[in-house]
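Descriptive structure summary
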Number of protein chains: 2
Amino acid sequence: MLKQESAIKLENQLCFAVYACSREMTRLYRPILSKYNLTYPQYLVLIVLWEKGECTVKDLGEDLYLDSGTLTPLLKRMQEAGLVVRTRSQLDERQVIIGLTEQGKEMQHKLSEIPSMIASRCDLQESEFHSLLNKFQDLLKRTSE
Amino acid sequence: MLKQESAIKLENQLCFAVYACSREMTRLYRPILSKYNLTYPQYLVLIVLWEKGECTVKDLGEDLYLDSGTLTPLLKRMQEAGLVVRTRSQLDERQVIIGLTEQGKEMQHKLSEIPSMIASRCDLQESEFHSLLNKFQDLLKRTSE
DNA sequence: ACAAATTAAATTTTACACAATTAAATTTTA
DNA sequence: TAAAATTTAATTGTGTAAAATTTAATTTGT
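All of the points below concern the structure found in this document. (Residues numbered from 1 in each chain as written. Chains lettered and ligands numbered in written order. Predicted model: local features only at pLDDT ≥ 70, side-chain atom pairs only at ≥ 80, totals over all residues. Heavy atoms only, no water.)

Time to look at the overall build of chain A. Broken down by element type, chain A carries seven helices and three strands. Counted from the first residue to the last, chain A has its helices and strands arranged as α-α-β-α-α-β-β-α-α-α. When the accessible area of chain A is evaluated, it comes to approximately 7800 Å², of which 49% is carbon and sulfur surface. Treating the 19 positive side-chain charges of chain A as one cloud and the 20 negative ones as another, the clouds have centres 5 Å apart. (Helix = DSSP H or I, 4+ residues; strand = E, 2+ residues; numbered from the N terminus. Areas by Shrake-Rupley, 256 points an atom, 1.4 Å probe, with all protein chains shown as cover. Lys, Arg positive; Asp, Glu negative; His and termini not counted. Charge placed at Lys NZ, Arg CZ, Asp CG, Glu CD.)

Here is the structure:
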């Protein structure tokens, strides 16, 4: 392991870099997403739903590492905006199924320009992309057990 | 640049990984910091102040990538907890100088065990640490111009 | 079958995070 | 040097985050 003092600096720098990176990333998305009245977490919900069709609040929470205290009000706002529908499951009435409206589905190709806009903004090549993604996914695995 | 479809997936995965990583990181700190009644951003404020002695709200904001809307209430809470003092500069009364109390200074060695606890929790070796840090700092530079 | 345990979502509370606005003080410039 | 521009914090409003509690429904063990 590292010596005590250099460990303190390095470790703080690493955790801070991740923290600041995350906020800079969402700051990058904000002006683009605000044209569609979306926030970054709401955009992530759409991405999951485009992939899965529909799922429960719990499923969404597991995919996005978010709990119901965050998701419930967020999903209600998305319902008010006409993007999703929230219906209680017939089979298990504790579950709330989140599905896309037509408008929510249409967003998929309206928003298809976004990834390339962000990628060019970061000036990342394919190889760097993969390398970064591996690093982050590895760290994510380590930190979330 | 990447083909449109694979770009969408990759890019979403990268941004999502950054976002989830950041929350998992602070989740790692939370149980440790809560023993000292600190949050992760408050801990970062202490780290900056231990290094700098004292500085303005603006300085803190530049170091931490946070604005006054976040820092003002956060610093007021830290003042109430007896960790910092907020005094308006005599030279330029627009500026508020943030300094450490004795209690705030004492926290430095009380909290010195934290970095190694986190490092071992992530199971990172020194070389990995440096590699990760480089990647993230590079990405941070790209995204924040 | 039915009480106990578990599960799922909602609610409540506290604390960031940030855009936009406001207010006050300092600098610049005509 | 006085008006205009800039700078610095504070305030306001909206939207996450997440722990803790509550409520309701399902599952399990006897």
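The next point concerns the interface of chain B and chain A. Each side of the interface is counted separately: chain B has 61 residues, and chain A has 60 residues. Carbon and sulfur atoms supply 68% of the area buried between chain B and chain A, which totals about 6100 Å² over both sides. When the buried surface of chain B facing chain A is broken down by residue, Y19, F136 and R142 of chain B rank first, second and third, together holding 11% of it. In this structure, the connection of chain B to chain A is made through zero salt bridges. Only α1 (4-34), α2 (40-52), α3 (57-64), α6 (114-122) and α7 (126-143) of chain B provide two or more residues apiece to the side of chain B that touches chain A. Of the residues assigned to the side of chain B that touches chain A, the class counts are 35 nonpolar, 12 polar and 14 charged. (Contact = heavy atoms within 4.5 Å. Buried area = accessible area lost by both parts, 1.4 Å probe. Salt bridge = Lys/Arg side-chain N within 4 Å of Asp/Glu carboxyl O. Nonpolar A, V, L, I, M, F, W, Y, C, P; charged D, E, K, R; others polar.)

Residue and element names in this part refer to chain B. Those residues of α6 that sit buried are I114, P115, I118, A119 and C122. Relative to the axis of α6, the buried residues are bounded by an arc of 130 degrees and lie together on one face. Downstream of α6 by one or two residues, D123 has phi in the positive range, about 55 degrees. (Buried < 20%, exposed > 50% of the residue type's maximum accessible area, 1.4 Å probe, protein only. Arc of directions from axis to C-beta.)

A few words now on the sheet that holds strand β3 (residues 96-100) of chain B. Residues and elements named next belong to chain B. Across the sheet, which stays open at both edges, the three strands sit in the order β1-β3-β2 with antiparallel pairing between neighbours. Either end of the sheet is taken by a strand with one partner, and the two such strands are β1 (54-56) and β2 (84-88). Put simply, the sheet's adjacent strands are angled 25 degrees from each other on average, direction ignored. Along the sheet, helix α4 (residues 68-80) makes contact with β2 and β3, crossing β2 at roughly 120 degrees. (Pairing = 2+ DSSP bridges. Axes fitted to C-alpha atoms, helices over the stretch in contact; angles between N-to-C directions.)

Residues and elements named next belong to chain A. Counting buried positions along strand β3 (residues 96-100) gives five out of five residues, so the element sits mostly inside the fold. Residue alternation in β3 divides its side chains into two sets, V96, I98 and L100 and I97 and G99, and both sets are buried. One ladder, built from three bridges, connects strand β1 (residues 54-56) with β3; its direction is antiparallel. The residue bridging E54 from the neighbouring strand is G99, located in β3. In terms of strand pairing, strand β2 (residues 84-88) meets β3 through five bridges, oriented antiparallel. Pairing of R86 across the sheet is with I98, part of β3.

Taken together, 30 residues sit near DNA strand C, with Y19, T72, R86 and R94 of chain A together with T39 of chain B positioned nearest. Near the protein, meaning within 4 Å, the atoms of DNA strand C are sugar or phosphate in a fraction of 80%, with bases accounting for the rest. In the environment of DNA strand C, a base oxygen lies 2.7 Å from a nitrogen or oxygen atom belonging to the side chain of R94 of chain A. Of all the elements in the fold, those that place two or more residues in the surface near DNA strand C are α1 (4-34), α3 (57-64), α4 (68-80) and β2 of chain A together with α2 and α4 of chain B. Along the lines of polarity and charge, the residues of the surface near DNA strand C split into eight nonpolar, nine polar and 13 charged. (Near = heavy atom within 4 Å. Polar contact = N/O pair within 3.5 Å; in protein donor to acceptor, adjacent residues only side chain to side chain.)

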